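So the chains spell out like this:
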Amino acid sequence: MAVLKVKFTKTKRDKLAQILWILNWVSVVSGIILFSLGLFLKIEIKKRNEVMAKGDINSVPNMLISVGVIACIINFLGGKICYDCSDANKFSRWKLVMLPYIVCTFCFTFCILVGALMCYTMRNELEESLYLGLRDAIKFYKDTDIPGRCFLKKTVDLLQIGFRCCGNNGFRDWFEIQWVSPRYLNMASKEVLDRLKSNVDGKFLVDGVPFSCCNPSSPRPCIQYQLTNNSAHYNYDFLTEELNIWMKGCREALLDYYTGIMRSIGITALLIWLFELSVLIGVRYLQTAMKNVLLLGDLEGESDGWLLENSFVETAKYNINIIKNLGKANQISTVSGMNDPNINVQNTDCEKTNITAKSIPCS
């Protein structure tokens, strides 16, 4: 029994073809939107790839860009097909193309759904990439004289100022690394030498942060050095007083930023998927209705259209059997007792007198 069968008159078929022609052109625009969203996300990721570790974070924008291009091509073709379907004579040249087109469109709409879901599952990969990338960027912050790393100080400073953040997980990350370049350390100073000697690795570690961690909205001048030394500053207690530096880590700030972008893109992609799915359903009805009207031979009469010619279970079994029989086309069928003539043939012996009727005569 057909699933969701609908009866179409010629007027309804013509109107459905015209509506689908318009919707396919709207779908071309939706493909351009998907392409633009993927390109935008790719550019946003590329802007800060210096603080991101290499990984699969570009899979989502690449997926959206690819799906957007395919959407434009498929829906452009769909518009041409639906336009010709208003004329039964023109439909005959598309009759063999319609079903493969619907299958390809179904796979394409499934890819849109996958792309939308990937926007919500990308957070973990992005978080790990940001953690590793920011860790290395902060580690090489001081290397302003080394080629390939000299740009990281500017990158990190602009990042902390722009996103109002400090460090990877927080401002204390700066306490654990030497972020002051050795060229700016006075090796004749006893304080500097004592700090270098007090560290096992010979690093100059201070309880301070770069200037880009300072919050300009604070009424008090920025305290970026000796943050944990209460006696170094008047009327200051770092345990109870709200510090005038950014408290949020840059990993959290960037993750919130990209999560907001991906959430918006995911919602848009889901809406486009629902729209494309509705267009696909309409094309399926049009294809079956036009096919049936040609079978009936009355181009002006009524015809039935459906989503599936048989039930879901029967359709699933039929397709499973097709998959199972792939590659077996060259095998000889043994159904209904039809045996291979080359199997179980009795050997003949010309010297024997008792030869059965089924034996092969010798020459």
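Because the structure is a prediction, the values reported are computed rather than measured.

Draft legend 1. Representation of the packing of aromatic side chains. A full pass over the atoms with the stated rule returns 9 aromatic pairs. Look at Phe-171 and Phe-175: their rings are 5.8 Å apart centre to centre, the planes differ by 75°, and that puts the pair in the edge-to-face class. Feature note: the residues Tyr-141, Trp-174, Trp-179 and Tyr-225 constitute an aromatic cluster, connected by ring pairs. Here Arg-149 stacks its cationic end above the ring of Phe-140, 3.8 Å away from the centre of that ring.

Draft legend 2. Layout of the state of the cysteines. Considering all chains together, one arrives at 3 disulfides under this definition. Disulfide partner of Cys-166: Cys-213, at an S-S distance of 2.1 Å. The chirality of the disulfide connecting Cys-166 with Cys-213 is right-handed, given an S-S dihedral of about 85°. A residue pair is termed long-range when its members are at least 10 positions apart, and Cys-166 in the loop between helix H6 (152-163) and helix H7 (190-198) and Cys-213 in the loop between H7 and helix H8 (250-296) qualify at 47 residues.

Draft legend 3. Structural context of the environment of Thr-268. One can find Thr-268 in helix H8. Judged by its relative accessible area of 28%, Thr-268 falls in the partly exposed class. In this structure, the C-alpha to C-alpha distance between Thr-268 and Leu-37, residues 231 residues apart in sequence, is 9.1 Å. When neighbours within four sequence positions are excluded, Thr-268 is seen to be in contact with Ile-33 and Leu-37.

Draft legend 4. Layout of a nonpolar patch on the surface. A cluster of nonpolar side chains, namely Trp-21, Ile-22, Trp-25, Val-26, Phe-76 and Tyr-83, defines an oily patch on the protein surface of about 610 Å² accessible area. Put simply, the parts of the chain that give the nonpolar patch at least two residues each are helix H1 (10-47) and helix H2 (59-84). Along the polypeptide, Val-26 turns up in helix H1. A relative accessible area of 39% places Val-26 in the partly exposed class.

Draft legend 5. The packing of H1 against H8, seen in detail. Their axes nearest at 9 Å, the elements H1 and H8 cross at an angle of 155°. Relative to H8, the element H1 lies roughly antiparallel. For the element pair H1 and H8, the recorded crossing hand is left-handed. For the contact of H1 with H8, a count of residues per class yields 26 nonpolar, 5 polar and 3 charged.

Draft legend 6. Representation of the nonpolar core within the structure. Ranked by size, the top nonpolar core spans 80 residues in total, and within it Trp-174 and Val-209 carry the most contacts. The set of elements that each furnish at least two residues to this core consists of H1, H2, helix H4 (95-121), helix H5 (123-139), H6, H7 and H8. Top element by residues in this core is H8. It accounts for 18 residues.

Draft legend 7. Focus on the UniProt feature "transmembrane region" (unreviewed entry) in the protein chain. Following the UniProt record, the feature "transmembrane region" (unreviewed entry) maps to residues 20-40, 60-78, 98-120 and 265-286 here. For residues 20-40, helix accounts for 100% and strand for 0%, while the C-alpha atoms at its two ends are 30 Å apart. Helix makes up 100% of residues 60-78 and strand 0%. Its end C-alpha atoms lie 26 Å apart.

Draft legend 8. Broad picture of empty space enclosed by the protein. Taken as a whole, this structure holds 2 cavities of 30 Å³ or more when the rule is applied. Here the largest cavity defines a volume of roughly 40 Å³. In this structure, the largest cavity is lined by Asn-24, Asn-75, Tyr-101, Thr-105, Glu-276, Val-279, Leu-280 and Val-283. For the lining of the largest cavity, the elements supplying multiple residues, two or more each, are H4 and H8. Take the lining of the largest cavity: its biggest share by element is 4 residues, from H8. Counted as a void, the second largest cavity has a volume near 30 Å³. For the second largest cavity, the full set of lining residues is Leu-134, Ala-137, Ile-138, Val-156, Leu-159, Gln-160, Gly-167 and Cys-250. Secondary-structure elements contributing two or more residues to the lining of the second largest cavity are H5 and H6.

Draft legend 9. Region of the structure containing the pattern of salt bridges. A complete count under the given rule lists 11 salt bridges for this structure. Across the pair Glu-44 and Lys-47 runs a salt bridge, and its minimum N-O distance is 3.0 Å. Of this pair, Glu-44 and Lys-47 both sit in helix H1, separated by 3 residues, roughly a single helical turn. Asp-145 is the partner of Arg-183 in a salt bridge, and the nearest nitrogen-oxygen pair spans 2.8 Å. Placement of Arg-183 in the loop between H6 and H7 and of Asp-145 in the loop between H5 and H6 is noted, with a sequence separation of 38 residues between them. Note on Arg-183: relative accessible area 52%, which makes it exposed. One network of salt bridges, in which partners are shared, links Glu-44, Lys-47 and Arg-48.

Draft legend 10. Structural detail: the confidence of the model for the protein chain. Of the residues in the protein chain, 83% have a pLDDT of 70 or more, and the chain-wide mean is 81. Averaged pLDDT values over the elements of the protein chain bottom out at 68 in helix H9 (residues 312-324) and peak at 94 in H6. Note on residues 332-343: pLDDT under 50 across the span, and 2 contacts to partners over four residues away in sequence or across chains. Note on residues 347-363: pLDDT under 50 across the span, and 7 contacts to partners over four residues away in sequence or across chains.

What counts, and at which threshold
- Residues numbered from 1 in each chain as written.
- Predicted model: local features only at pLDDT ≥ 70, side-chain atom pairs only at ≥ 80, totals over all residues.
- Heavy atoms only, no water.
- Phe/Tyr/Trp six-rings, centres within 6.5 Å; stacked < 30°, edge-to-face > 60°.
- Lys NZ or Arg CZ within 6 Å of the ring centre and 35° of its normal.
- Disulfide = S-S within 2.5 Å.
- Helix = DSSP H or I, 4+ residues; strand = E, 2+ residues; numbered from the N terminus.
- Buried < 20%, exposed > 50% of the residue type's maximum accessible area, 1.4 Å probe, protein only.
- Contact = heavy atoms within 4.5 Å.
- Patch = residues over 30% accessible without salt bridge, like charges linked within 9 Å, V, L, I, M, F, W, Y side chains within 5 Å.
- Areas by Shrake-Rupley, 256 points an atom, 1.4 Å probe, with all protein chains shown as cover.
- Salt bridge = Lys/Arg side-chain N within 4 Å of Asp/Glu carboxyl O.
- Axes fitted to C-alpha atoms, helices over the stretch in contact; angles between N-to-C directions.
- Parallel < 35°, antiparallel > 145°, perpendicular 65-115°, else oblique.
- Left-handed = near helix turned anticlockwise from the far one by under 90°.
- Nonpolar A, V, L, I, M, F, W, Y, C, P; charged D, E, K, R; others polar.
- Core = buried A, V, L, I, M, F, W, Y, C linked by side-chain atoms within 4.5 Å.
- UniProt positions renumbered as here; feature names shortened; annotations may be inferred.
- 1 Å grid on protein atoms, 1.4 Å probe; cavity = no way out; pocket = protein on both sides within 12 Å on 5 of 7 lines; lining within 4 Å.
- Points joined across faces, edges and corners; volume = space filled by probe spheres on them.
- pLDDT = per-residue confidence, 0-100.

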